[in-house]
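Topology and contacts: notes
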Amino acid sequence: MPELPEVEVTRRGIAAPLTGRVATAVTLRNAQLRWPVPADLPATLPGQTLRDIDRRAKYLLLRFDRGTLILHLGMSGSLRVLDRDVPAATHDHVDIVFGDRVLRLRDPRRFGAVLWHEGADATHPLLAGLGPEPLGEDFSAAGLHAALTRRQCAIKLAIMDSAVVVGVGNIYASESLFRARLRPGMAAQRLTRPQCARLYDEIRATLRDALDAGGSTLRDFMHADGEPGYFQQSYFVYGRDGQPCRVCGTAVRNRRMGGRSTFFCPTCQR
Ligand code: ZN
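Definitions and limits used
- Residues numbered from 1 in each chain as written.
- Predicted model: local features only at pLDDT ≥ 70, side-chain atom pairs only at ≥ 80, totals over all residues.
- Heavy atoms only, no water.
- Core = buried A, V, L, I, M, F, W, Y, C linked by side-chain atoms within 4.5 Å.
- Buried < 20%, exposed > 50% of the residue type's maximum accessible area, 1.4 Å probe, protein only.
- Helix = DSSP H or I, 4+ residues; strand = E, 2+ residues; numbered from the N terminus.
- Contact = heavy atoms within 4.5 Å.
- Pairing = 2+ DSSP bridges.
- Axes fitted to C-alpha atoms, helices over the stretch in contact; angles between N-to-C directions.
- Donors = N, O, S within 2.8 Å, 3.2 Å for Na, K, Ca; no water.
- Tetrahedral: all angles 85-135°; square planar, octahedral: opposite > 155°, others 65-115°.
- Lys, Arg positive; Asp, Glu negative; His and termini not counted.
- Salt bridge = Lys/Arg side-chain N within 4 Å of Asp/Glu carboxyl O.
- Polar contact = N/O pair within 3.5 Å; in protein donor to acceptor, adjacent residues only side chain to side chain.
- Expected span 1.5 Å × (residues − 1).

**Points about the nonpolar core**
- The biggest cluster of nonpolar side chains holds 27 residues, and the ones touching the most others in it are Leu-45, Leu-62, Phe-64, Leu-69, Leu-103 and Val-114.
- If you list the elements that add at least two residues to this core, you get helix H1 (4-18), strand E2 (50-56), strand E3 (59-64), strand E4 (67-72), strand E5 (78-83), strand E6 (92-98), strand E7 (101-106) and strand E8 (113-117).
- No other element matches the four residues that H1 contributes to this core.
- The contacts of Leu-62, once residues within four sequence positions are left out, are Leu-50, Asp-52, Ile-53, Gly-67, Thr-68, Leu-69, Leu-71 and Leu-103.
- Counting 26 residues, the second-largest nonpolar core is a separate cluster that includes Ala-173, Leu-177, Ala-180 and Ala-188.

Spelled out as structure tokens, the structure:
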């Protein structure tokens, strides 16, 4: 599943070749994504200039003259910028054409989204109520502590709650907690201020490291045949069930929490 770093690298990858271009056509091969793609999009978009591309949580916000195209990659989506005459393959559901270029959404599992919104971001139900961006200025250790003391759930579930902070998915929750030396199952409201400051630092550092690792995949967005796969990174605990901890050698454990695999080192994390 694309997580925040992949979405941010996607944003950078498509912004460079497309910003300032005019949309000339929209092709909907399959409009049945997580929500139906608006049927009038092929009439709405052509003639409008793509002014900018922002990101909020894992939503890409393509700013056109009269509104915002909201894109979400869901479980399996990817976006590429291709020459217009590159034939579409299976699962290439939506094309936004910009003259001789095309922005193509491939989404085998169809949990992604392509929606049109006119008006302020906060007036859209998917964007209203989102917490601070983890790498933004609105996110602070003190703010995180205040949000956590109001929650009775496990710390891992709390930091994956988009009302607390957006874009911390399953991989980065496990990795941040390992780096902050905190057990994923500890009660969020029991976190001390120093522990919270550590967690805050490590959430940001973990995401920054992933962004740095992903920067090298940018060129793939321009390739006709390149699969913009998700980053292959070296994780401390994620996906390493039973393997030795990279710090102390203890076997990494996997425990289900909130229906998701949760990896931790029982020695390093207390
Ligand atoms: Zn360890």
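From this point, the narrative continues.
**Overview of the sheet that holds E3**
- The sheet built from four strands is open, its strands ordered E2-E3-E4-E8 with antiparallel pairing. The outermost strands of the open sheet, each flanked by one partner alone, are E2 and E8. The sheet shows a mean angle of 20° between the axes of neighbouring strands, taken without regard to direction.
- As judged from the six bridges shared by E2 and E3, these two strands associate in the antiparallel manner. Its bridge partner lying in E3, Leu-50 is registered against Phe-64.
- On the sheet, H1 packs against E2 and E3 and is oriented at approximately 175° with respect to E2.

**A word on the coordination of the zinc ion**
- Distances from the zinc ion to its protein donors, namely Cys-245 (SG), Cys-248 (SG), Cys-265 (SG) and Cys-268 (SG), fall within the range 2.2 to 2.4 Å.
- Coordination geometry of the zinc ion: the four donor atoms subtend angles of 99 to 116° at the metal centre, consistent with an arrangement described as tetrahedral.
- Each donor residue of the zinc ion belongs to the same chain, with the gaps between them written as C-x2-C-x16-C-x2-C. Of this pair, Cys-245 sits in the loop between helix H6 (193-215) and strand E9 (253-257) while Cys-268 sits in the segment after strand E10 (260-264), and the two are 23 residues apart along the sequence.

**A closer look at unusual backbone geometry**
- The backbone of Ala-57 sits at a positive phi, close to 50°, despite the residue not being glycine.
- On the secondary structure map, Ala-57 appears in the loop between E2 and E3.
- The phi dihedral of His-91 is positive, around 75°, even though this residue is not glycine.
- With respect to the helices and strands, the residue His-91 is situated in the loop between E5 and E6.
- Judged by its relative accessible area of 35%, His-91 falls in the partly exposed class.

**Side note on the side chain of Glu-175**
- Mapped onto the elements of the fold, Glu-175 is located in helix H5 (residues 170-179).
- With no salt bridge to any partner, buried Glu-175 finds its closest opposite charge in Arg-179, at an N-O distance of 5.9 Å.
- From its side chain, Glu-175 meets the backbone nitrogen of Tyr-238 in a polar contact 2.9 Å long.
- Among all residues touching Glu-175, those that are not within four sequence positions of it are Thr-206, Tyr-235, Phe-236, Val-237 and Tyr-238.

**Section: H1**
- Between its first and last C-alpha atoms H1 spans 21 Å; for 15 residues at 1.5 Å apiece the expected length is 21 Å, and the two agree.
- Burial within H1 is extensive, with 12 of its 15 residues counted as buried.
- Along H1, the residues classified as buried are Leu-4, Pro-5, Glu-6, Val-7, Glu-8, Val-9, Thr-10, Gly-13, Ile-14, Ala-15, Pro-17 and Leu-18.

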